[in-house]
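# Report on the structure
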Amino acid sequence: MSTLSLERPSGRVPGREEPWTVLNLILWSAHYLDEKGVPGARLDAEHLLADTLGVPRLELYLQHDRPLEASELAAFKPRLLRRARREPLQYILGRAAFRKMDLAVDRRVLVPRSETELLAGEVLAWAAGRAGAGLRALDLGTGCGALALALATEGDFAGIVATDLSRDALEVASLNHGQYHDGAPLEFRAGSLYEPLGRDERFDVIVSNPPYIPSAELEGLEPEVRDWEPRRALDAGADGMQVLEPLIAGAPRHLTPAGLLALEVGADQAARAARRIDETGAFARVRVIPDLAGRERMVLAHRHQNEDG
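Let me begin by describing the structure that accompanies this report. (Residues numbered from 1 in each chain as written. Predicted model: local features only at pLDDT ≥ 70, side-chain atom pairs only at ≥ 80, totals over all residues. Heavy atoms only, no water.)

Attention shifts here to the packing of aromatic side chains. Remark: the centre distance and the inter-plane angle together describe each pair of aromatic rings, the angle taken between the planes. Taken as a whole, this structure holds two aromatic pairs when the rule is applied. Judged by centre distance (5.5 Å) and plane angle (10°), the ring pair of Trp-28 and Tyr-32 falls under stacked. In this pair, Trp-28 and Tyr-32 both sit in helix H1 (residues 22-35), four residues apart, roughly one turn of the helix. Classification of Trp-28 as partly exposed rests on a relative accessible area of 28%. Members of the aromatic cluster, connected to one another through ring pairs, are Trp-20, Trp-28 and Tyr-32. (Phe/Tyr/Trp six-rings, centres within 6.5 Å; stacked < 30°, edge-to-face > 60°. Helix = DSSP H or I, 4+ residues; strand = E, 2+ residues; numbered from the N terminus. Buried < 20%, exposed > 50% of the residue type's maximum accessible area, 1.4 Å probe, protein only.)

Here Thr-163 shows up in strand S4 (residues 157-164). Apart from residues no more than four positions distant in its own chain, Thr-163 is found in contact with Leu-138, Asp-139, Leu-140, Gly-141, Thr-142, Arg-189, Gly-191, Leu-193 and Pro-196. (Contact = heavy atoms within 4.5 Å.)

Look at helix H9 (residues 244-254) against helix H10 (residues 270-280): their axes get within 9 Å of each other, and the N-to-C directions meet at 30°. Taken together, the axes of H9 and H10 lie roughly parallel to each other. You can see that H9 and H10 cross each other, and the crossing is right-handed. Counted together, Glu-245, Ile-248 and Pro-252 of H9 and Ala-273, Arg-276, Ile-277 and Thr-280 of H10 form the full contact between these two elements. Tallied by class, residues from the contact of H9 with H10 come to four nonpolar, one polar and two charged. (Axes fitted to C-alpha atoms, helices over the stretch in contact; angles between N-to-C directions. Parallel < 35°, antiparallel > 145°, perpendicular 65-115°, else oblique. Left-handed = near helix turned anticlockwise from the far one by under 90°. Nonpolar A, V, L, I, M, F, W, Y, C, P; charged D, E, K, R; others polar.)

For the rest of this paragraph, the subject is the side chain of Glu-264. Mapped onto the secondary structure, Glu-264 falls in strand S7 (residues 255-264). Its relative accessible area of 2% is what places Glu-264 among the buried residues. Of the polar contacts made by the side chain of Glu-264, one reaches the side chain of Tyr-212; its length is 2.9 Å. A polar contact of 3.4 Å, which involves the side chain of Glu-264, links it to the side chain of Arg-297. Among all residues touching Glu-264, those that are not within four sequence positions of it are Glu-115, Thr-116, Leu-119, Ser-208, Asn-209, Pro-210, Tyr-212, Leu-244 and Arg-297. (Polar contact = N/O pair within 3.5 Å; in protein donor to acceptor, adjacent residues only side chain to side chain.)

This part takes up the environment of Phe-76. Examined against the element boundaries, Phe-76 turns out to sit in helix H3 (residues 70-84). Exposure remark for Phe-76: the relative accessible area of 1% places this residue in the buried category. With 45 residues separating them in the primary sequence, Phe-76 and Gly-121 have C-alpha atoms 36 Å apart. When neighbours within four sequence positions are excluded, Phe-76 is seen to be in contact with Leu-25, Ser-29, Ala-45, Leu-48, Leu-49 and Thr-52.

A few words now on the sheet that holds strand S5 (residues 186-190). A sheet is described by the order of its strands in space; here seven strands give the open sequence S5-S4-S3-S6-S7-S9-S8, paired in mixed fashion. For this open sheet the edge positions go to S5 and strand S8 (283-290), each flanked by a neighbour on one side alone. Within this sheet the neighbouring strands show an average axis-to-axis angle of 15°, counted without direction. Pairing of strand S3 (residues 135-140) with strand S6 (residues 203-208), which is carried by four bridges, proceeds in the parallel orientation. Paired with Asp-139 across the strands is Val-207, a residue of S6. Its contacts with the sheet place helix H5 (residues 114-128) against S3, S4, S6, S7, S8 and strand S9 (296-303), and it is angled at close to 160° to S7. Packed onto the sheet, H9 meets S3, S6, S7, S8 and S9 and runs at close to 160° relative to S7. (Pairing = 2+ DSSP bridges.)

Another aspect to go through is the pattern of salt bridges. The full count for this structure, using the stated rule, is 26 salt bridges. The closest approach of N and O atoms between Glu-245 and Arg-276, which form a salt bridge, is 2.7 Å. You can see Glu-245 sitting in helix H9 and its partner Arg-276 sitting in helix H10, a full 31 residues away along the chain. The network of salt bridges with shared partners includes Asp-44, Arg-83, Arg-86, Glu-222 and Glu-224. (Salt bridge = Lys/Arg side-chain N within 4 Å of Asp/Glu carboxyl O.)

The next thing to look at is H1. With 14 residues, H1 should cover 20 Å at 1.5 Å per step; its first-to-last C-alpha distance of 20 Å lies within 8% of that length. When H1 is considered as a whole, its buried residues turn out to be Val-22, Leu-25, Ile-26, Ser-29, Ala-30, Tyr-32 and Leu-33. Projected onto a plane normal to the axis of H1, the buried residues spread over an arc of 165° and lie on a single side. Among the exposed residues of H1, those oriented more than 90 degrees off its buried face are Asp-34 and Glu-35. (Expected span 1.5 Å × (residues − 1). Arc of directions from axis to C-beta.)

Bringing unusual backbone geometry into the picture now. Note: most residues except glycine have negative phi, and most peptide bonds are trans. One non-glycine residue with positive phi stands out, namely Arg-99, at about 50°. By the element assignment, Arg-99 lies in the loop between strand S1 (95-98) and strand S2 (101-104). The exposure class assigned to Arg-99 is partly exposed, which follows from its relative accessible area of 32%.

A few words on the pairing of S3. For S3, the buried fraction is high: five of the six residues fall into the buried class. The pairing of S3 with S4 spans six bridges and is parallel. In the strand pairing of S4, Ala-137 is matched with Ile-160.

Spelled out as structure tokens, the structure:
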């Protein structure tokens, strides 16, 4: 798989060869990726070629019969090989769409998912009813900074703190901060969960997309996830609750009265997470919200209005 021969398509005139055109290359590459088991092979081939040529994807079909230069083919070939090895498309392109942003991503961080976009939307909707209240938010395990930056760019927050155990991840998040909202009241801190915080530091919102995959399930994941994304951002121990449990247990100390805890969880973890939240005695209401596929993937809990519960 380390070599790839882009043999030119046969011409109509015997003894002649036509050059690769945009459409020829899309069709050939889609077939090649499909043979390698890549999901969405044609769409990925289009994204790779459009990015290589520096044009919008739909522009490819306006110049479908344009012959490609040798330099363009040489630039495209290694990227196609990377995708055939099941490297995530977003890592090859160096970016991932998240709500209104195009975030820098690489192997130091998880690729942000659509479920996390929905989680951001829930928090933003909650905060919209409290505009001007000087809200502060905490994003635990920020990764590439997707959640923190969505709140900073779309919400009305006086301050946001984003933590991550990985300093490599924080470098990526800082890069995205500089690109999208350098003036935002956003502070990155290195450390696990609440460790970087002051003992009595409080926030109106705690949001997190933590590791939640049970260790035994990691080998069954798609190659794009299993072989390429950072393992410690995925692995959550034997039952998948290794990170969620201390996250939930520490939330009451760092949430203001009536504050919001908003979590993304695994598809079969919502009930367990809700039960752990109830067991703290600090929350008045817990809601479980499905994703677009109907899977219970978000848990939202509202802290009691007073300190005593």
